[in-house]
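Each chain, written out:
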Amino acid sequence: MIELKIFLTLSLLALVFSLTKVQFSNNLRIIEKFIFFIFFIIIQYIIVNPKVLYYVAAPLKIERGIDLIFYIYIFLSLWIFTRNHIRLNMLNKKINKLTSKMALENPIKAS
């Protein structure tokens, strides 16, 4: 069990280190980095002390702590999916505007 905790801790540190190397040009804002960092600290605490999940889940009327993790995962997945969908739509609109502008500025002349 201790080997798994060490492995998960090292994996988590690698993720945090890779997150710090992401540039702002990759659409990752400082607030998102801060949220990820706090999230990673919470995950590390859960790795070290997994019984804390029960104490968090009990007031929420969730029987098992692992169910709480699944509920959080489902919520975050839906949030990320929606966020990515909105970003893709915005990029699609920008591409359409750019191609329309380029087509109007440089028309192909029929011969």
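In this numbering scheme, every chain counts its residues from 1 along its sequence in written order. Reporting of local features is limited, given that this is a predicted model, to residues whose pLDDT is at least 70; pairs of side-chain atoms are given and counted only at 80 or more, and all residues count toward the totals for whole chains, interfaces and linings. Values shown for side chains rest on all heavy atoms present in the structure; no hydrogens or waters enter the calculation.

## Some points on the overall build of the protein chain
This is how the line gets drawn: Secondary structure elements are defined from DSSP: runs of H or I of at least 4 residues count as helices, runs of E of at least 2 residues count as strands, and each element is numbered from the N terminus. Burial here depends on accessible area, computed with a 1.4 Å probe over protein chains only, as a share of the maximum for the residue type. Under 20% is buried, over 50% is exposed, and the range in between is partly exposed. Only heavy atoms matter for contacts: two residues are in contact if any of them lie within 4.5 Å across the pair.
Secondary structure summary: the protein chain contains 4 helices and 0 strands in total. Counted from the first residue to the last, the protein chain has its helices and strands arranged as α-α-α-α. Considering the protein chain as a whole, with its 111 residues, one finds that 14% of them fall into the buried category. The long-range share in the protein chain, meaning contacts at least 24 apart out of those at least 6 apart in sequence, stands at 39%.

## Topic: the packing of aromatic side chains
Condition: Only Phe, Tyr and Trp rings take part, Trp by its six-membered ring, and two of them pair if their centres are within 6.5 Å. Stacked means planes under 30 degrees apart, edge-to-face means over 60, and tilted covers everything else.
For the coordinates displayed, the defined rule picks out 2 aromatic pairs. With a centroid separation of 6.4 Å and 50° between ring planes, the pair formed by Phe39 and Phe40 is classed as tilted. Residue classification places Phe39 among the partly exposed positions, given a relative accessible area of 36%. Of the residues examined, Phe40 reaches a relative accessible area of 14% and is grouped as buried. Centre to centre, the rings of Tyr54 and Tyr55 are 5.6 Å apart; their planes meet at 70°, and the pair counts as edge-to-face. Exposure remark for Tyr54: the relative accessible area of 49% places this residue in the partly exposed category. Using a relative accessible area of 58% as the deciding quantity, one classes Tyr55 as exposed.

## Notes on helix α2 (residues 30–48)
Short version of the rule: Helix span is expected to be 1.5 Å times the residue number reduced by one. The arc under discussion is defined with respect to the helix axis, by the directions toward the C-beta atoms.
Taking 1.5 Å per residue as the helical rise, α2 with its 19 residues ought to reach 27 Å, and the 27 Å between its terminal C-alpha atoms agrees with that figure. Those residues of α2 lying buried are Glu32, Lys33, Phe40 and Ile47. The buried residues of α2 occupy an angular sector of 95° when projected down its axis, which confines them to one face. Opposite its buried face, α2 presents the exposed residues Ile30 and Phe34, each directed more than 90 degrees away.

## Looking at the environment of Ile46
Among the secondary structure elements, Ile46 is positioned in helix α2. Classification of Ile46 as partly exposed rests on a relative accessible area of 23%. Among residues more than four places away in sequence, those in contact with Ile46 are Val52 and Leu53.

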